[in-house]
There are 2 protein chains.
Amino acid sequence: VFFEGSEKKLEVVVNTKSSLRELPSDFWQDIVHSSEAKILSSIENDEVQAHLLSESSLFVWDDRFVMITCGETKLIQSVHKFLEKFPKEKIASLIFQRKNEYCSHLQKTNFFSDIDSLPETFTGKAYRFGNLDTHHNFLYHLDKSYLPPSNDHTQELLMYHLGADAREIFCQKNQDKNKIRKFLKLDKYFKNWIIDDFVFDPFGYSLNAINGSNYFTIHVTPQEEASYASFETNIKLWDEHKNFGTLLLQSFSPGSFDMVSFNDYLPEKPFKNTIPIKIVKEKLSCGYNVQFKQYIRNDVLEENAILLKDRK
Amino acid sequence: VFFEGSEKKLEVVVNTKSSLRELPSDFWQDIVHSSEAKILSSIENDEVQAHLLSESSLFVWDDRFVMITCGETKLIQSVHKFLEKFPKEKIASLIFQRKNEYCSHLQKTNFFSDIDSLPETFTGKAYRFGNLDTHHNFLYHLDKSYLPPSNDHTQELLMYHLGADAREIFCQKNQDKNKIRKFLKLDKYFKNWIIDDFVFDPFGYSLNAINGSNYFTIHVTPQEEASYASFETNIKLWDEHKNFGTLLLQSFSPGSFDMVSFNDYLPEKPFKNTIPIKIVKEKLSCGYNVQFKQYIRNDVLEENAILLKDRK
C-alpha cells in the first residue's frame, strides 16, 4: 500500500500576551483533528511542547507553533480552525508549505485549492521553489512584514529513495526503537534531549526531540517504491551539528534529497558523490530568506525498469 | 490556463491479411473519439496515413498504428474501442505508455487505473522507467512474444522547460507556420517529406511528417510554467539524422529532457552542457529493448522562486 511520506507544514507566530502553551489540550486536539490526524503522545520542557501525531508532529512554543503532517492529511483545515480562534491581527507570521509529493493525484487537496480556500481578506503570496516536473516546494506566506528574532532559523532535509541499510532497519516488522536510535547515533549527538518516538505498524517511524527551545523531528516512510525520510530542526545543523547533518545523509543514503533553509545557510557539498541540480533563493517579504537546493547522487545513475504488474 | 503537454502513447501491431489503412475513416474516428480527441486533418502516401489530432497524432500503416495524445485525453479508451473490433488473437504487439506528467492530479485517469481497466484475459506487464518523484515513463505491454522487424525502431525526445527563443517563437499569437518550419530548419533536413502542421489558438503547435514508411511528429506546448516539446520518429535519429537531433536540442534549449528508444541506441552526450541523471534499460519480453535517459542542463542551476499568486 502506497503511503505519501512527504509533508505539508504550517508555522505560525502570534503576538499575544498569553502563551500558546497555556491553551487547553482540547484546543490543540481540535487543530490536529481538523487536518484528520490525531495526537499519539506528548512531551514537554519549560519552553516547548512536542506532540507526536498519527501523521507527523506538532511543536508549540509561547509565541509560535509548527505543525507538520504527511499522508493524505488536510493541513489547510488546521489553518482554518486556527483562524477561527486567532484573528489575522494577532498573527505576526504564517507560512504554509507543501513539499514535493510522490503521488499528488492521490491527495485530497492540492496547493492551489488549499490557498484558494483561505478567506479573501487573508492577503498572501504563494511561491514555488523548484520545477513542477521534479522536486519542488510550494510556499505560501501571510503578506505582513515581520522581523524574525536572530535565533529563528530552520533547516529541513528531505530525503528520497533511501539506501538499502536504512530500508532494512526501518522495514523490520516491530522494530525495536532502541535499534533505530542507535542507527541514528542519537545517544552520541543528542545527550540530554527529551526524545519521544513511535514505530508504526506495519512500517514508519516518527521522532520528536526537544532541548530548551530547540527541537528536531524525524519521519521515515521506508517502503521501497516511495521511500522518504525527513529531518527538521531549529538547531544550527550545518554549523554546530555539521557532523550530524552528514551522518543523516550517510545513514539514509538517499538517491536524491532536498535541503530547505529559513534564515540560515546551506552547505555547498553536504555529502560525497552528490551534486546539486537546482538551487532556488528567495527573500520573502515576511522576513525570511529561503533557500531550496535539490541534490542527486551521481554514482548510481543506471538501473533496470521497475516491474509494477505482471498479469498472467 | 494550464495545459498538459506530456503524452500517452499507444502502439499496436496486428497480424491480419487486410490492411489497417483500408479500414473506413469512421473506424479511426471512433478510435480517436474514444479518447476524447478528434481528427483535424490528414495526409497520406503509399505506406502510411497521418492524422493530426486536436490532442497530438495518429499514424496508420498496413499492420500497425501509433496514437499519441496529450492534455486530459483518455487514450486507454481507444485501446478498449480497438479491442472491440480486434480480438487479442489478432494483436501481435501492444504497447501503452504514459510519460511523466507535470500535473498528474489534473488527469482524468492514471496509469494504474488505465491498466486495471483492461480485460482480465489481457495478460501483460507494466513497468516504470525512472523514479516516481522525477521524470519517468510508465509502459505496459501485452505479454506475447513478438519479433519486431529490423527496421522497427523508435526514438522519442521529450523536452521540458523550453528556452526563451523557442518560447518566443511558439508563444506568438497566430504565429505563421512557415516561421515555425524555418525555426525548425525542416526545409533543410526534410526535403521531399509531406508535412501537415497546425498552430493552436492561443498556443500550441503540432506537426506530422511522412516519407515512405517513415514518420516524425512534433508537439509543442510553449506556456512558460509547464513548457514542453516532444519529437518522435522511426528514422535513425542519432545515426543518419544526428545533426537534426542536436538541432532540436539547440532550438528548444530545454532545461531538462528525456530520451526513450525502442530497439535503437541513445547517444552518450547528445548536447553540450547537459548531464544524464538517470539511465534505465530493460529488455521487454515482447521483443523490444527499451532505454530511458533523463538529462538536465548543468549550466543554469540557480534561479529565484516562481511567484504563483499575490493576493493583496
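Residues numbered from 1 in each chain as written. Chains lettered and ligands numbered in written order. Predicted model: local features only at pLDDT ≥ 70, side-chain atom pairs only at ≥ 80, totals over all residues. Heavy atoms only, no water.

Draft legend 1. Spatial organisation of the environment of A:Pro267. Residues and elements named next belong to chain A. Inspection of the secondary structure assignment puts Pro267 in the loop between β14 (256-262) and β15 (274-283). We classify Pro267 as buried; its relative accessible area is 6%. In this structure the C-alpha to C-alpha distance between Pro267 and Trp238, which are 29 residues apart in sequence, comes to 6.9 Å. When near neighbours in sequence (up to four residues on either side) are disregarded, Pro267 contacts Trp238, Met259, Lys293 and Tyr295. (Helix = DSSP H or I, 4+ residues; strand = E, 2+ residues; numbered from the N terminus. Buried < 20%, exposed > 50% of the residue type's maximum accessible area, 1.4 Å probe, protein only. Contact = heavy atoms within 4.5 Å.)

Draft legend 2. Looking closely at unusual backbone geometry. Of note, the bond from A:Asp201 into A:Pro202 is cis; its omega dihedral lies within 30 degrees of zero at 5°. Mapped onto the fold, A:Pro202 is located in the loop between β10 (194-199) and β11 (205-211). A positive phi is found at B:Glu36, a non-glycine position, where the angle reads about 75°. Among the secondary structure elements, B:Glu36 is positioned in the loop between α1 (25-34) and β2 (39-44). In this structure, B:Asn174 takes a positive phi of about 50° despite not being glycine. In this fold, B:Asn174 is placed in the loop between α4 (164-171) and α5 (177-183).

Draft legend 3. View of the environment of B:Leu40. Residues and elements named next belong to chain B. Counting through the fold element by element, Leu40 comes out in strand β2. Residue class for Leu40 comes out partly exposed when judged on its relative accessible area of 32%. With 50 residues separating them along the chain, Leu40 and Lys90 place their C-alpha atoms 29 Å apart. Beyond its immediate stretch of four places on either side in the chain, Leu40 contacts Leu52, Leu53, Ser54, Phe198 and Phe200.

Draft legend 4. Expanded view of the packing of helix α1 (residues 25-34) of chain A against helix α2 (residues 75-85) of chain A. Residue and element names in this part refer to chain A. Viewed as axis vectors pointing N to C, α1 and α2 meet at an angle of 145°, and their least axial separation amounts to 7 Å. Considering only the axes of α1 and α2, their crossing is right-handed. For the pair α1 and α2, the contacting residues are Phe27, Trp28, Asp30, Ile31 and Ser34 in the first and Gln77, Ser78, Lys81, Phe82 and Lys85 in the second. (Axes fitted to C-alpha atoms, helices over the stretch in contact; angles between N-to-C directions. Left-handed = near helix turned anticlockwise from the far one by under 90°.)

Draft legend 5. Focus on the side chain of A:Ser256. Positionally, A:Ser256 belongs in strand β14. Note on A:Ser256: relative accessible area 7%, which makes it buried. With near-sequence residues (within four places) excluded, A:Ser256 lies in contact with A:His135, A:Leu158, A:Met159, A:Tyr160, A:His161, A:Tyr295, A:Ile296 and B:Asp133.

Draft legend 6. Layout of α4(B). All names here are of chain B. All of the buried residues in α4 are Ala166, Arg167 and Phe170. Down the axis, α4 shows its buried residues gathered within 100° of arc, on one side only. Of the residues in α4, the exposed ones pointing more than 90 degrees away from the buried face are Ala164, Asp165 and Glu168. If you follow the buried residues of α4, they end up packed against α5, β11 (205-211), β12 (214-221) and α7 (242-252). (Arc of directions from axis to C-beta.)

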